[in-house]
Amino acid sequence: MKTHIHRLIDLHSLRSLRFLLRANLLQQGRQQYSDSNPSMSEVADDNTSKKARAADATYVRSADTSTRPKSKKELRAEKKAAKKAAAAAAAAPTNEAKTTTKEEIKEEKYRLKKERRKQQLKEREKEMLREKKERQKKRKARELHAVGGGLDPVVAAKRLEERKNKKRRKKEQKDALEESKFFGSDMDVFEKVFNGTGEEDEDGVRTLEMGVKCKDVVIGKGPTVENNSLLTVMYKLKSGKGILIDSSKKFVFRVGKGNVIRGWDIGVIGMAVGGTRKLIVPPKAGYQGQDIGAGPGALLYFDITVISCT
């Protein structure tokens, strides 16, 4: 075993020695070749210097941007810088222009706010009007149901109108009674003014309820007008100065049902077909304080002719 190991060591040592000798001989050969050919070292030096000069030239070309093409990144950067410069130049107005722009913006905001407010008010008014109509409709339905009790709508409406007139008369009587407590003997004056005397004065003018005055110009010979009569009349409405305000050659209404003003319901009672009567209606028996052409709270002068009565 030991003999075998010694043999392996000797073999390895021999191989190492052989490798060293071969390397030494190769080195010596190279030295001799270079000594016998000196131009080879010069060629190597020339090659080294050429490589250095080429590297310097490459560096110079890379430093000089004017002589080489630009990369995509550099082109994008230049384009971006040009856009920024143009935007800055366009967005640089004078101080006066800036002030004007701010004022215009402020005025436009105020105008828009005002328009929105006006639109909101219009919508609110429409909503209130719609709610009012709905309430009136419901109230009328309740009243018709309560009074009519399932009757025909026309009959129910008539009963409702009679009920309203009855309530109004009761209220007027109650008010007159309340006032009599305070005025005492002046109640006679109140009765004359409110209910009228029915007596004619020197000019043939009679004072009726609520201060309505009437004068018969032509006495008719046909049927007499009573409460709840259906009339067809011809009339003219004038102001105190004689200016014509309204007129009609054929107007149909029912007496005492609230189809016309209170002064008409009072003033046409007792007329006959073919008769003509002048009425002077005060505001409380007419349109209250409304202005229909004669001025607010003015007296109204009517010329009424009865055409038919049923």
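Residues numbered from 1 in each chain as written. Predicted model: local features only at pLDDT ≥ 70, side-chain atom pairs only at ≥ 80, totals over all residues. Heavy atoms only, no water.

Another point: the side chain of N165. Mapped onto the elements of the fold, N165 is located in helix α5 (residues 153-183). N165 gets classed as buried once you look at its relative accessible area, which sits at 4%. Of the polar contacts made by the side chain of N165, one reaches the backbone oxygen of G256; its length is 2.9 Å. Discounting chain neighbours no more than four positions away, the residues touching N165 are G256 and K257. (Helix = DSSP H or I, 4+ residues; strand = E, 2+ residues; numbered from the N terminus. Buried < 20%, exposed > 50% of the residue type's maximum accessible area, 1.4 Å probe, protein only. Polar contact = N/O pair within 3.5 Å; in protein donor to acceptor, adjacent residues only side chain to side chain. Contact = heavy atoms within 4.5 Å.)

A few words on the packing of aromatic side chains. Throughout the structure, instances matching the rule amount to six aromatic pairs. Taken together, a centroid distance of 5.2 Å and an interplanar angle of 80° make the contact between Y235 and W264 edge-to-face. A residue pair is termed long-range when its members are at least 10 positions apart, and Y235 in strand β3 (residues 230-238) and W264 in helix α7 (residues 262-267) qualify at 29 residues. For W264, a relative accessible area of 4% puts it in the buried group. For the pair F253 and W264, a centre-to-centre distance of 5.5 Å together with 55° between the ring planes defines the contact as tilted. With F253 in strand β4 (residues 244-254) and W264 in helix α7, this residue pair connects regions lying 11 residues apart in the sequence. For the pair F253 and W264, one class covers both residues: buried. Every member of this aromatic cluster is reached through a ring pair, and the members are Y235, F251, F253, W264 and F302. (Phe/Tyr/Trp six-rings, centres within 6.5 Å; stacked < 30°, edge-to-face > 60°.)

Consecutive side chains of a regular strand alternate in pointing toward one face of the sheet and then the other. When β3 meets β4, the two strands line up antiparallel, connected through eight bridges. Its bridge partner lying in β4, Y235 is registered against S248. Between β3 and β4, which pair antiparallel in sequence order, lie five residues; one of them, G242, sits at a positive phi of approximately 85°. The pairing of β3 with strand β6 (residues 300-309) spans eight bridges and is antiparallel. (Pairing = 2+ DSSP bridges.)

Okay, the pattern of salt bridges next. The full count for this structure, using the stated rule, is seven salt bridges. We note a salt bridge from E127 to R130, for which the minimum N-O separation is 2.5 Å. Remark: R130 and E127 occur in helix α4 (residues 95-148); sequence separation between them is three residues, near one turn of the helix. In this structure, D216 and R206 form a salt bridge, with 3.9 Å as the shortest nitrogen-oxygen distance. A residue pair is termed long-range when its members are at least 10 positions apart, and D216 in strand β2 (residues 213-218) and R206 in strand β1 (residues 206-207) qualify at 10 residues. Counted as one network, the salt bridges with shared partners bring together E108, R111 and E115. (Salt bridge = Lys/Arg side-chain N within 4 Å of Asp/Glu carboxyl O.)

This structure, assessed with the given rule, holds one cavity of 30 Å³ or more. One number sums up the size of the largest cavity: a volume of about 70 Å³. Forming the boundary of the largest cavity are 13 residues, of which Y287, Q288, Q290, A298 and L300 lie nearest the centre. Tallied by class, the residues present in the lining of the largest cavity amount to eight nonpolar, five polar and no charged. (1 Å grid on protein atoms, 1.4 Å probe; cavity = no way out; pocket = protein on both sides within 12 Å on 5 of 7 lines; lining within 4 Å. Points joined across faces, edges and corners; volume = space filled by probe spheres on them. Nonpolar A, V, L, I, M, F, W, Y, C, P; charged D, E, K, R; others polar.)

Next up on the list: the sheet that holds β1. The antiparallel open sheet is built from six strands, whose spatial order is β1-β2-β5-β6-β3-β4. Only two strands of the sheet have a single partner each, and these edge strands are β1 and β4. Where β1 meets β2, two bridges bridge the pair, whose relative direction is antiparallel. Residue pairing across strands places T207 opposite K213, the latter belonging to β2.

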